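The lines below spell out each chain.
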Amino acid sequence: SLLSASLLGIKFANPLLNASGVHCRYTDELDALAASAAGSLITKSCTLLEREGNPEPRYAATALGSINSMGLPNQGYAYYLDYARRHNYATKPLFFSVAGLSLEDNLTMMAAVRDAYIPAIVELNLSCPNVPGKPQIAYDFEAMDRMLAAVSAEYALPFGVKMPPYFDIAHFDAAAAILNKYPLVAFVTCINSIGNALVIDIENESVVIKPKDGFGGIGGDYVLPTALANVNAFYRRCPDKQVIGCGGVRSGEQVFMHLLAGASLVQVGTALHEDSPRIFARLNRELSAIMERKGYRSIEALRGKLKTL
Ligand SMILES: CC(C)(C)CCc1c(C(=O)O)[nH]c(=O)[nH]c1=O
């Protein structure tokens, strides 16, 4: 139909799903996404063991988006593996997000998903922490290369990676060159929040979240142009992979932009957190209206068709 999408040869009724971390820590949240108009859903990035995460307040919404330093609060991978075993894949596909605190933890968790023989699609969060004092994995190109070599060898099935934003053409080139070494990296999700921003409340002359002196990842309107650039940069550089867009989506127009930039699916974070899973019905309606107005009969007819001047 008009909004049909596909990834890894799997069919989706529409291209929309939640961004990992939003509305997906607990079973009831995941069930609400499964029952919503979203085309699929993704679990909260998980670690081997359950984590409480950082002290609150650890999320704040602003007029232009959000800032968070959650600290990976999650129920542990066994909880999400149990959910993934019970999910009815005939209704909609399910993504399983992994953010281990070490290479070994990532191998253990992904081997468990592999050995469960379920059609869940793994999205490996490369913003996962590195050794203290070193940048996150995706900003440490040698560590990212080693991580993907080991994970590809162990998991041995197609999977995807969740990438933080890059801001330098040489970094797009270097990151894509590493991803292109690994054919099992079948899709790239761009972007994760823009890290270590600072929101200030002038009333209280204070930061707005408790962890890290108020430093945190931002999402929402703040990140849309950076998200679109990362989607299109990897779309151009990784012709054998698909791209999932994430960042700055709150109406059908931004979904349309991500599709034009090359995205096959589109994730919604901040706007979902500030609204509810009802947002997916609105986004599908708005996207359909734009496509009909422009005469597009399918997403494939417009995907990646961004014009340059
Ligand atoms: C930032 C990490 C805690 C290392 C990973 C989990 C995560 C978090 C989080 O749990 O704080 N927040 C984000 O915006 N993106 C993420 O990938």
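Enquirer: Teacher, can you tell me more about the sheet that holds strand 11 (residues 194-198) here?
Expert: Sheet strands associate in pairs through backbone hydrogen bonding, adopting either a parallel or an antiparallel arrangement. Reading across the sheet, the 4 strands line up as 5-6-14-11 and stay open at both edges, with antiparallel pairing between neighbours. Where the open sheet ends on each side, the last strands, each with one partner, are strand 5 (59-62) and strand 11. Pairwise comparison of adjacent strand axes, ignoring direction, gives a mean angle of 40° for this sheet. As defined by bridge partners, strand 11 adjoins strand 14 (residues 215-220) across 3 bridges and the pair is classed as antiparallel.

Enquirer: Please clarify how the packing of aromatic side chains should be interpreted in this entry.
Expert: Working definition: an aromatic ring pair is given by the centre-to-centre distance plus the angle between the planes. For the coordinates displayed, the defined rule picks out 9 aromatic pairs. On the basis of an interplanar angle of 70° and a centroid distance of 5.1 Å, the ring pair of Y79 and Y80 is categorised as edge-to-face. Using a relative accessible area of 0% as the deciding quantity, one classes Y80 as buried. A centroid spacing of 5.9 Å and a plane angle of 85° characterise the contact between F95 and F187, whose relative ring orientation is edge-to-face. Note that F95 is positioned in strand 7 (residues 94-98) and F187 in strand 10 (residues 185-190), a separation of 92 residues in sequence. An aromatic cluster is built from Y139, F141, Y166, F172 and F234, whose rings are joined through pairwise contacts.

Enquirer: Help me understand the nonpolar core, please; the structure alone is not making it clear to me.
Expert: As a rule of thumb, soluble globular proteins bury nonpolar side chains together. One finds L148 and F234 to be the most contacted residues of the largest nonpolar core, which totals 89 residues. Ranked by size, the runner-up nonpolar core spans 10 residues in total, among them L7, F12, F95 and I121.

Enquirer: For this particular structure, what's the right way to read the pairing of strand 16 (residues 263-268)?
Expert: The side chains of a regular strand alternate, residue by residue, between the two faces of the sheet. Burial within strand 16 is extensive, with 6 of its 6 residues counted as buried. Of the pairings in the sheet, the one linking strand 3 (residues 16-18) to strand 16 comprises 3 bridges and is parallel in character. Paired with N18 across the two strands is V268, which belongs to strand 16. The pairing of strand 15 (residues 242-246) with strand 16 spans 4 bridges and is parallel. Looking across to strand 16, one finds that G245 is bridged to V266. As for the winding sense of the linkage, the β-α-β connection from strand 15 through helix 7 (residues 252-261) to strand 16 is right-handed.

Cut-off values and rules
- Residues numbered from 1 in each chain as written.
- Predicted model: local features only at pLDDT ≥ 70, side-chain atom pairs only at ≥ 80, totals over all residues.
- Heavy atoms only, no water.
- Pairing = 2+ DSSP bridges.
- Helix = DSSP H or I, 4+ residues; strand = E, 2+ residues; numbered from the N terminus.
- Axes fitted to C-alpha atoms, helices over the stretch in contact; angles between N-to-C directions.
- Phe/Tyr/Trp six-rings, centres within 6.5 Å; stacked < 30°, edge-to-face > 60°.
- Buried < 20%, exposed > 50% of the residue type's maximum accessible area, 1.4 Å probe, protein only.
- Core = buried A, V, L, I, M, F, W, Y, C linked by side-chain atoms within 4.5 Å.
- Right-handed = clockwise from strand over helix to strand, strands pointing away.

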